[in-house]
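This is what each chain is made of:
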Amino acid sequence: ALYRQIKGGNYKFQVKAANADGIWSSDIATFDILIDKPYWQQTWFKIGLLFFVLAIGYIFHLLKTIRIRERNKLLNEFNRKLRMENEQKKQVMISLQETLEKFQTIFENVPLGIFYVDANGNITEMNENFIKILGSSYEKLLDLNLLKDIKDETFKQAVNDALKGKTGYYEGKY
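Every chain begins its residue count from 1, and numbering advances along the sequence as written. Reporting in this predicted model follows two pLDDT cut-offs: at least 70 for local features of residues, and 80 or more for side-chain atom pairs to be given and counted; totals over whole chains, interfaces and linings ignore these cut-offs and use all residues. To get the side-chain values, take all heavy atoms of the structure and skip hydrogens and water.

### Considering the packing of aromatic side chains
The condition is simple: Ring pairs shown here join Phe, Tyr and Trp side chains whose ring centres sit within 6.5 Å, with only the six-membered ring taken for Trp; geometry is labelled stacked below 30 degrees between planes, edge-to-face above 60, and tilted in between. In this description a helix means any DSSP run of H or I spanning at least four residues, a strand means any run of E spanning at least two, and both kinds are numbered starting from the N terminus.
According to the stated counting rule, one finds 10 aromatic pairs in the structure shown. On the numbers, 6.0 Å between centres and 35° between planes, the contact of Phe 103 with Tyr 116 is tilted. Taken together, the residues span a long stretch of sequence, with Phe 103 in helix α1 (residues 43-109) and Tyr 116 in strand β3 (residues 115-117) at a distance of 13 residues. Ring geometry for Phe 115 against Phe 130: centres 4.6 Å apart, planes inclined by 35°, an arrangement best described as tilted.

Here it is in structure tokens:
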């Protein structure tokens, strides 16, 4: 006889035999059989599997924690560099502000006429002495185009030279 898929446990196997003439024996042979459960049904396997799953979960947690720490380390370094850059920019801004204030003081108090022109030759700013020298007003001189509105070619050449980064020199009537 072939017995398949028998669950694990204790069994008694009883056999009664017959001879070739078909006469049955009155004695019954009994065998005690212990069939172990498959390993996946064993308590030790279930506990081991639980520990394995918990260990895998813990390892994933550790790896995630390590990645977070490394990322935080990079972010902290990045933030430190940004703070340093911001501090440097702040110092540059302070220095520029101080320079601007010094330049503004010179611009307003120098005994010469000073003016700014944009790349197209338009006056964009001037000091009071420039206005007095020309005997005009701020409103009339603002946006005056020195290349188009002035007829003196020597003056236009001095403005062109200045716009090209060369020394622009003019001496004459305004």
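### A word on the side chain of Asn 127
Filter applied, for reference: Pairs of N or O atoms are called polar contacts if they sit within 3.5 Å, as long as, within protein, a hydrogen donor faces a hydrogen acceptor (for residues adjacent in sequence, only side-chain-to-side-chain pairs). Pairs of residues are marked as contacts when any of their non-hydrogen atoms sit within 4.5 Å.
Mapping Asn 127 onto the fold places it in the loop between β4 (123-126) and α2 (128-134). Side-chain polar atoms of Asn 127 contact the backbone nitrogen of Phe 130, separated by 2.9 Å. Excluding its chain neighbours within four sequence positions, the residues that come into contact with Asn 127 are Phe 107, Val 110, Leu 112, Gly 113 and Ile 114.

### Digging into a nonpolar patch on the surface
Defined as follows: Without a salt bridge and with relative accessible area above 30%, a residue can belong to a patch; like charges are then joined within 9 Å and nonpolar side chains (Val, Leu, Ile, Met, Phe, Trp, Tyr) within 5 Å. Working definition of accessibility: Shrake-Rupley area with a 1.4 Å probe, residue cover restricted to the visible protein chains. By salt bridge we mean one thing: a side-chain nitrogen of Lys or Arg within 4 Å of a carboxyl oxygen of Asp or Glu.
Taken together, the side chains of Leu 49, Phe 52, Val 53, Ile 56, Tyr 58, Ile 59, Phe 60, Leu 62, Leu 63 and Ile 66 present a nonpolar region at the surface, about 960 Å² in accessible area. Looking at where Phe 60 falls in the secondary structure, it is placed in helix α1.

### Considering the pattern of salt bridges
Applied cut-off: For each residue, the accessible area found with a 1.4 Å probe, counting protein chains only, is set against the maximum for its type, and the residue is called buried under 20%, exposed over 50%, and partly exposed in between.
Under the definition given, this model contains three salt bridges. Residue Lys 12 is joined to Asp 32 by a salt bridge in which the shortest nitrogen-to-oxygen separation is 3.1 Å. Of this pair, Lys 12 sits in strand β1 (residues 9-15) while Asp 32 is found in strand β2 (residues 29-35), placing the two residues 20 residues apart along the sequence. On the accessibility criterion, Asp 32 (61% relative accessible area) is exposed. Across the salt bridge formed by Glu 77 and Arg 80, the nearest N and O atoms sit 2.4 Å from each other. In this pair, Glu 77 and Arg 80 both sit in helix α1, three residues apart, roughly one turn of the helix. The exposure class of Glu 77 is partly exposed, given its relative accessible area of 31%.

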